[in-house]
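Secondary and tertiary structure notes
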Amino acid sequence: MSKTPKTDGAGRREPPLDFIRTIVRDDLAGGKHPGGVVTRFPPEPNGFLHIGHAKSICLNFGVALEFGGRCNLRFDDTDPAKEDTLFVEAIQDNIRWLGFDWGEGLYNASDYFEELYRFAVQLIERGGAYVCSLSEAEIRETRGTVTESGRESPYRGRGVAENLDLFTRMRNGEFPDGAHVLRARIDMASPNMKMRDPVIYRIRHVAHHHTGDAWPIYPMYDFAHPLSDALEGVTHSLCTLEFENNREFYDWILEQVDVPSTPRQIEFARLNLDYTVMSKRLLLELVEEEHVAGWDDPRMPTLAGLRRRGYTPEAIRNFCHSVGIAKSDNTVEMGQLEYFIRDDLNRKAPRVLGVERPLKVVLTNYPEDSVEELEAPYYPHDVPKEGSRTVPFSREIYIERDDFLEEPPKGYHRLAPGREARLRHAYVIRCDEVVKDAATGEVKELRCSYDPRTRSGSGTSDKKVQGTIHWVSAAHALEAELRLYDRLFSVPDPHGNPERDYRELLNSKSLETVKGLVEPSLATVRPGERFQFERLGYFCADTDSTADALVFNRIVTLRDSWLKLVQRGDGDAPRRRRRPQVAPNSTAPAERKSPEHAELTPAQRGRMEHYGDRLGLATGDALLLASDDDLAEFFEEAIRVHDNPKAVANWVINELRAHLKDTPLDSLPLTATALAELVALIDGQTISGNAAKHVFAEMLKKGESPAGIVDQLGLRQVADATQLEPVVDAVIAANPDNVALYRQGKTNLLGFFVGQVMKSTHGKANPRLVNELLRARLD
RNA sequence: UGGGCGGUCGCCAAGUGGUAAGGCCCCGGAUUUUGGAUCCGGUAUACGAAGGUUCGAAUCCUUCCCGCCCAGCCA
């Protein structure tokens with residue numbers, strides 16, 4: 001792969017593919033899936049979808065879309081006790097709303113019950129499964145623990161005929177719940193708990209929302225999922241990290257029975273968001289215990305909640321795209337989600353005027369009965385959209401309480417006694433008088449004067465004021481219920497604290513309902529319509545909203561750099577970002593387990609001493625070689641050919657082992673003699689270490705002698721300055737920008753230049769010489 | 001203490017031996033009739049740690065540390 005970033009048509013850099021898309025792309029390029037890529041989104045219909053599911057939906061449908069394949073929606077409905085059609089409808093609705101389409105690909109695992117049953121019979125016939133009559137508790141007790149292996153079930157030895165008979169009778173409903181289960185016969189001693197004869201069918205005399213009373217037995221996820229994938233021709237079965245342990249069984253079952261295709265399971269990290277919870281169980285509890293108003297409560301991270309709150313599908317998709325697909329556990333900040341809804345709505349939402357906490361203002365010099373209709377554009381100049389409405393202006397108006405302060409701090413741009421501010425789309429006013437409640441001292445009203453020359457857009461005054469505030473006309477404003485939402489929990493990780501129940505960590509201020517006032521143009525809004533209430537935030541008319549009783553949800557506030565300034569403390573020097581503390585070295589060298597403590601046979605111990613004392617190898621290296629008999633033999637044979645133990649040991653340890661991984665040494669075409677010859681070539685300056693790696697790679701593949709490969713590939717070292725100089729000059733000439741940077745002091749660019757020279761000589765150049773030459777030219 | 005995965009900026013995340021991408025956040029500045037938006041600039045001498053190999057290591061080798069997952073007849 002080339003190092004240069006790919007760009008799209010507009011010259012923007014195309015983001016790199018995530019690891020899953022890379023696999024899909026390579027599989028497709030390799031002709032592995034002539035029928036195209038097939039993915040699936042497999043929700044269990046036992047709850048509502050949340051934003052974590054959105055990540056998976058965007059991945060699965062996105063991959064299908066991008067690579068010209070398809071994505072099925074399959075309900076993983078194998079546990080009738082918890083599932084409900086209510087959820088299947090909500091799930092479909094949510095996915096469509098998010099903007100994805102499964103086309104014809106709507107399936108249920110329960111559609112496959114008959115086929116799944118036949119697979120189970122086949123597995124039994126092949127000896128891969130048995131009916132186990134242990135109780136649930138007994139099965140648990142005999143499964144062992146993560147450190148001890150399990151014990152085999154006494155029923156493990158049942159013959160095929162008996163198993164078949166029992167399984168048939170299970171299917172016929174002859175046994176009560178729990179009497180028997182069907183188990184895969186794998187390995188009770190497997191270090192992977194999932195492989196210790198997992199249960200694959202259980203008896204449940206429960207009606208299924210889809211198949212009714214047709215089945216008294218139901219397959220388990222581990223059995224149904226891979227087989228359903230295979231039946232649908234799924235090529236890439238993408239799931240979350242907690243299923244990594246299940247993959248071994250996934251692959252196992254696909255080998256045991258005759259499946260029409262072989263899907264591959266790939267796991268990625270699920271999405272977590274701070275200040276919320278993302279587990280279905282917890283979400284269900286919040287709903288059932290009525291900590292929230294339902295699955296679509298706008299504080300919930302469910303798609304239904306986000307939708308009702310006013311989030312757009314685009315914002316959620318953009319957010320999912322931005323967090324990427326990887327394998328490390330992560331918790332994304334709420335701020336990142338908020339960024340994407342603001343970003344989307346900034347371009348889409350019309351601006352209107354509304355007041356959350358009204359403060360009355362009387363314009364003392366404005367005529368009593370006069371009303372002006374002021375033209376107010378829906379979008380600011382920087383949003384390329386058209387449209388406007390008129391807003392009525394009159395003698396009595398309401399402004400935001402926060403926009404007046406009797407004793408304004410430094411930097412406050414709004415109204416204060418004697419100060420001026422502009423009313424958005426209207427006039428500049430000055431605060432002349434503050435009317436207070438005699439008893440409480442509370443500010444009841446402001447008496448201000450307006451400057452008639454300053455009407456917006458009139459161009460009759462060049463008066464400049466610092467602040468612009470929003471307002472509504474008292475006589476014309478509409479009352480509206482404003483639901484101001486904040487994060488559901490008061491701590492970033494409510495589920496992560498073992499000391500405290502997450503319920504105690506709910507944010508008591510997650511919903512604040514206020515009676516606000518909005519401009520009259522909003523009289524006819526319909527639920528779902530979104531606006532920016534200028535300077536406050538984005539709002540969405542709630543489903544509860546009617547013409548008589550307007551209700552708006554605050555989707556998200558606007559960014560507020562004034563608030564930020566206030567919060568970090570007025571007058572404070574701007575804070576530099578705090579550098580992370582240097583973590584103390586958690587392991588002092590002395591505490592480390594010394595390599596000598598490892599268990600060695602007497603022969604190995606002797607060998608190790610020999611390597612260390614006589615051959616001069618470092619202790620760790622000596623131990624490593626000595627403790628592996630095959631490697632040691634290989635090493636000793638090599639140093640008989642070329643007597644440089646240290647160099648040979650380095651090659652064996654650092655290079656050979658890197659390629660070896662788990663494959664046995666003798667399966668390679670490489671001989672000890674050949675490796676010794678290679679090291680000799682390096683020691684004799686015939687080839688550079690860099691070129692030696694190319695040679696080594698060839699030796700590993702073909703088993704030829706190093707000298708032959710060197711000649712074939714023409715890899716003899718170039719250590720002659722007159723030959724190298726032109727190359728060096730060419731590299732310097734080709735990279736004027738980097739030369740300039742280097743000369744400005746970015747001297748770590750030397751590595752870049754050396755790399756370029758090495759590359760253009762195919763690794764043949766003597767790197768030390770290249771360094772010298774380069775330095776002479778650049779310095 | 002078995003096995004399977006992870007660990008690169010405050011939060012995400014590229015990168016697989018040759019210049020530590022990008023986004024969010026943050027910090028400056030320009031602009032602005034939204035303290036919004038936009039624009040421009042800044043922010044990791046360093047990749048969990050320590051050793052080693054190499055001219056050159058986030059990438060290869062060794063040892064260690066930390067986190068997550070697995071003992072449902074849930075998915």
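One structure accompanies this document, and this report is about it.

Conventions used here
- Residues numbered from 1 in each chain as written.
- Chains lettered and ligands numbered in written order.
- Predicted model: local features only at pLDDT ≥ 70, side-chain atom pairs only at ≥ 80, totals over all residues.
- Heavy atoms only, no water.
- Helix = DSSP H or I, 4+ residues; strand = E, 2+ residues; numbered from the N terminus.
- Rg over C-alpha atoms; globule rule 2.2 N^0.38 Å.
- Contact = heavy atoms within 4.5 Å.
- Areas by Shrake-Rupley, 256 points an atom, 1.4 Å probe, with all protein chains shown as cover.
- Buried < 20%, exposed > 50% of the residue type's maximum accessible area, 1.4 Å probe, protein only.
- Pairing = 2+ DSSP bridges.
- Right-handed = clockwise from strand over helix to strand, strands pointing away.
- Phe/Tyr/Trp six-rings, centres within 6.5 Å; stacked < 30°, edge-to-face > 60°.
- Expected span 1.5 Å × (residues − 1).
- Salt bridge = Lys/Arg side-chain N within 4 Å of Asp/Glu carboxyl O.
- Polar contact = N/O pair within 3.5 Å; in protein donor to acceptor, adjacent residues only side chain to side chain.
- Patch = residues over 30% accessible without salt bridge, like charges linked within 9 Å, V, L, I, M, F, W, Y side chains within 5 Å.
- Lys, Arg positive; Asp, Glu negative; His and termini not counted.
- Charge placed at Lys NZ, Arg CZ, Asp CG, Glu CD.
- Axes fitted to C-alpha atoms, helices over the stretch in contact; angles between N-to-C directions.
- Parallel < 35°, antiparallel > 145°, perpendicular 65-115°, else oblique.
- Left-handed = near helix turned anticlockwise from the far one by under 90°.
- Nonpolar A, V, L, I, M, F, W, Y, C, P; charged D, E, K, R; others polar.

On to the overall build of chain A, then. When helices and strands are tallied, chain A shows 24 helices and 25 strands. Against the globule reference of 28 Å for 779 residues, chain A gives a C-alpha radius of gyration of 36 Å, more extended than a compact globule. Each of the three principal axes of chain A carries a C-alpha extent, and together these read 110 × 90 × 55 Å. Once local pairs closer than 6 in sequence are excluded, the contacts in chain A between residues at least 24 apart make up 69%. For chain A, the computed accessible surface area is about 39,500 Å², with 48% contributed by carbon and sulfur atoms.

So, on to the pairing of strand β9 (residues 264-268). β9 sits mainly inside the fold: four of its five residues count as buried. Strand direction decides the pairing type here: strand β8 (residues 236-240) and β9, joined by five bridges, are parallel. Looking across to β9, one finds that Ser237 is bridged to Gln265. Once the chain exits β8 it traverses helix α8 (residues 247-256) before rejoining the sheet at β9, and the crossover so formed is right-handed.

What the seven strands build is an open sheet, ordered β19-β16-β17-β18-β12-β15-β20; its pairing is mixed. Strand pairing shows two members of the sheet lacking a second neighbour, β19 (468-469) and β20 (471-473), which therefore form its edges. Both strand β12 (residues 358-363) and strand β18 (residues 443-451) contribute to a ladder of four bridges, which runs parallel. Residue Val362 lies in a different strand from β18, and its bridge partner there is Arg447.

What follows covers the packing of aromatic side chains. What characterises a pair of aromatic rings is the spacing of the ring centres plus the angle enclosed by the ring planes. For the structure shown, the criterion picks out 28 aromatic pairs. Both rings, one in Phe48 and one in Phe87, keep their centres 6.0 Å apart while their planes meet at 90 degrees; by these two values the pair is edge-to-face. With Phe48 in the loop between β1 (38-41) and α2 (51-66) and Phe87 in helix α3 (residues 85-98), this residue pair connects regions lying 39 residues apart in the sequence. Assigned by exposure class, Phe48 and Phe87 land together as buried. Relative to Phe696, the ring of Trp651 lies with its centre 5.4 Å away and its plane at 70 degrees, an arrangement referred to as edge-to-face. Of the two residues, Trp651 sits in helix α17 (residues 645-660) while Phe696 sits in helix α19 (residues 689-702), which places them 45 residues apart along the sequence. Residue Trp651 shares its accessibility class with Phe696, and that shared class is buried.

In this model helix α12 (residues 334-348) runs 21 Å from its N-terminal to its C-terminal C-alpha over 15 residues, within 8% of the 21 Å that 1.5 Å per residue would give. Those residues of α12 lying buried are Met334, Leu337, Phe340, Ile341, Arg342, Asp344 and Leu345. Next to the buried residues of α12 lie α2, α11 (313-323), β10 (351-352), β23 (530-533), β24 (537-541) and β25 (550-557).

One non-glycine residue, Tyr275, lies in the positive phi region at around 60 degrees. Classification of Tyr275 by relative accessible area gives buried; the value is 17%. Even without glycine at this site, His425 takes up a positive phi of about 65 degrees. In this structure, His425 sits in the loop between β16 (420-423) and β17 (428-436). By relative accessible area, which is 10% here, His425 ends up buried.

Throughout the structure, instances matching the rule amount to 57 salt bridges. Between Asp165 and Arg169 there is a salt bridge, and its shortest N-O distance comes to 3.3 Å. Of the two residues, Asp165 and Arg169 both sit in helix α6 (residues 160-171), four residues apart, roughly one turn of that helix. Arg503 is paired through a salt bridge with Glu289; the nearest N and O atoms lie 2.5 Å apart. A residue pair is termed long-range when its members are at least 10 positions apart, and Arg503 in the loop between β21 (478-485) and β22 (511-518) and Glu289 in the loop between α9 (280-288) and α10 (303-309) qualify at 214 residues. Shared partners join several salt bridges into a network, and the residues in it are Asp296, Arg308, Glu481, Arg483, Asp542 and Asp544.

What follows is about the environment of Ile397. Mapping Ile397 onto the fold places it in strand β15 (residues 396-400). In this structure Ile397 comes out as buried when scored by relative accessible area, which is 0%. Residues Ile397 and Phe539 lie 142 residues apart in sequence; the distance between their C-alpha atoms is 22 Å. Those residues in contact with Ile397, other than ones at most four positions away along the chain, are Leu359, Lys360, Val361, Leu363, Leu423, Trp471, Val472, Ser473 and Ala474.

Topologically, Arg414 is positioned in the loop between β15 and β16. Judged by its relative accessible area of 16%, Arg414 falls in the buried class. Polar contacts involving the side chain of Arg414 include one to the side chain of Asp403, which spans 3.1 Å. Setting aside chain neighbours within four positions, we find Arg414 in contact with Asp402, Asp403, Arg419, Glu420, Ala421, Ile469, Arg535 and Trp562.

This brings us to a negative patch on the surface. On the surface, Asp630, Glu633, Glu637 and Asp666 cluster together into a negatively charged patch. On the secondary structure map, Asp666 appears in the loop between α17 and α18 (672-683). Asp666 gets classed as exposed once you look at its relative accessible area, which sits at 70%.

On to the packing of helix α16 (residues 629-641) against α17. Two elements in contact, α16 and α17, have axes separated by 10 Å at closest approach and are oriented at 140 degrees. Judged on the interaxial angle alone, α17 and α16 are oblique. Two packed elements cross with a definite hand, and for α16 against α17 that hand is right-handed. Contacts between α16 and α17 involve Leu631, Phe634, Phe635, Ala638 and Ile639 from the former and Pro645, Val648, Ala649, Val652, Leu656, Arg657 and Leu660 from the latter. In terms of residue class, the contact of α16 with α17 is built from 11 nonpolar, no polar and one charged.

Time to look at the sheet that holds strand β5 (residues 181-184). Pairing within the open sheet is antiparallel, and its four strands lie in the order β4-β5-β6-β7. Each edge of the sheet is formed by a strand with only one pairing partner; in this case those strands are β4 (129-132) and β7 (217-219). Going from strand to strand, the sheet's axes swing by 20 degrees on average, the running direction of each strand aside. As judged from the three bridges shared by β5 and strand β6 (residues 199-203), these two strands associate in the antiparallel manner. Paired with Leu182 across the strands is Tyr201, a residue of β6.

Turning our attention to the packing of α17 against α19. Put simply, α17 and α19 touch, their axes get as near as 11 Å, and they point 50 degrees apart. Considering their axes alone, α17 and α19 lie oblique with respect to each other. For the crossing formed where α17 meets α19, the hand is right-handed. Of the residues in α19, those in contact with Trp651, Glu655, Leu656 and His659 of α17 are Ala692, Lys693, Phe696 and Leu700. When grouped by side-chain class, the residues that make up the contact of α17 with α19 number five nonpolar, one polar and two charged.

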